[in-house]
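Reading the structure
What follows is each chain in one-letter form.
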Amino acid sequence: SDLTNAWTDKAPLPKARDHMATVAVNGKIHVIGGRFGSTADNTGMHDVYDPKTDKWEGAPPMPTPRSGVSFGFAKGKIVVAGGECRNRATYNEVEAYDVAAGKWMALSPMPSGRHAAASAGLGDRIFFAGGSRGCGGNDKANDLFVLTPP
């Protein structure tokens, strides 16, 4: 069993990566996107971990492979926004995974591309704050965007 204030090994991700979204929904953990090396190795992989069984299963991949994304959960959807980098520019794409339907959908793009923005779901909305408009941490932002998924 898990001990308080102690680390316990569990089943590893199916493929090692970093800079991904991690969202807990309905007792499972969704790990979405990320990269295997540089931003040239971005992925749309979507793996779901079940702590009850200590097993991973694949889910539909995010349509736009990217890393350094911001994310949140609202209205039954995991929303993934922004990311780095494509052709030396940040992503402004926003895509949502409808957990019940098991499908991705495109949403309105961010007003400006960015990566590594702080994000949080609150009620029916997701708030996105700051981040970098440029790749690799260049051009820091201080604006706050709010999105209400459909």
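Below you will find a few notes about this structure. Each chain has its residues counted from 1, running along the sequence as written. At least 70 in pLDDT is required for a residue's local features to be given in this predicted model, at least 80 for side-chain atom pairs to be given and counted, and no such filter applies to totals for whole chains, interfaces and linings, which use all residues. Values shown for side chains rest on all heavy atoms present in the structure; no hydrogens or waters enter the calculation.

1. A look at the side chain of arginine 114
Structurally, arginine 114 can be placed in the loop between β8 (103-107) and β9 (118-122). Among the polar contacts listed, one links the side chain of arginine 114 to the side chain of serine 112, at a separation of 2.6 Å. A distance of 2.9 Å separates a polar atom in the side chain of arginine 114 from the backbone oxygen of glycine 130. Contacts are residue-level and defined by heavy atoms, with any inter-residue pair within 4.5 Å sufficient. Beyond its immediate sequence surroundings of up to four residues, arginine 114 is in contact with Gly82, Gly83, Thr90, Tyr91, Gly130, Ser132, Arg133, Ala141, Asp143 and Phe145. Helix and strand definitions follow DSSP, with helices as H or I runs of at least four residues and strands as E runs of at least two, each counted in order from the N terminus. Here a polar contact is taken to be a pair of N or O atoms separated by no more than 3.5 Å, where protein atoms must pair a possible hydrogen donor with a possible acceptor and residues adjacent in sequence count only if both atoms sit in side chains.

2. Thoughts on the state of the cysteines
Our working definition of a disulfide is a cysteine sulfur pair at a distance within 2.5 Å. Counted according to the given criterion, the structure contains one disulfide. The disulfide that involves cysteine 85 links it to cysteine 135, with 1.8 Å between the sulfurs. Linking cysteine 85 and cysteine 135, the disulfide has an S-S dihedral of approximately -115 degrees and is accordingly described as left-handed. Of the two residues, cysteine 85 is situated in the loop between β6 (77-81) and β7 (94-98) and cysteine 135 in the loop between β10 (125-129) and β11 (144-147); the sequence distance between them amounts to 50 residues.

3. Re the pattern of salt bridges
One side-chain nitrogen of Lys or Arg within 4 Å of one carboxyl oxygen of Asp or Glu is enough to make a salt bridge. Tallied over the entire structure, the rule returns seven salt bridges. The shortest N-O distance in the salt bridge between glutamate 84 and arginine 35 comes to 3.2 Å. On the criterion of sequence distance, the pair formed by glutamate 84 in the loop between β6 and β7 and arginine 35 in the loop between β2 (28-32) and β3 (46-50) is long-range, its members being 49 residues apart. Judged on exposure class, the residue glutamate 84 and its partner arginine 35 are both buried. One salt bridge in this structure joins glutamate 93 and arginine 86, with 3.0 Å as the shortest N-O distance. Buried residues are those whose accessible area, probed at 1.4 Å on protein chains only, stays under 20% of the maximum for their type, while exposed residues exceed 50% and partly exposed ones sit between those limits.

4. Quick notes on the nonpolar core
Residue types Ala, Val, Leu, Ile, Met, Phe, Trp, Tyr and Cys, when buried and joined through side-chain atoms within 4.5 Å, form a set referred to as a nonpolar core. The biggest cluster of nonpolar side chains holds 12 residues, and these are Ala21, Val23, Val25, Ile32, Val48, Ala59, Met62, Val69, Ile78, Val80, Tyr97 and Trp104. Mapped onto this core, the elements with two or more residues apiece are β1 (21-25) and β6. Sorting elements by how many residues they give to this core places β1 first, with three residues. Leave out the neighbours within four places in its chain, and valine 48 touches Lys28, Ile29, His30, Lys55, Trp56, Glu57 and Ala59.

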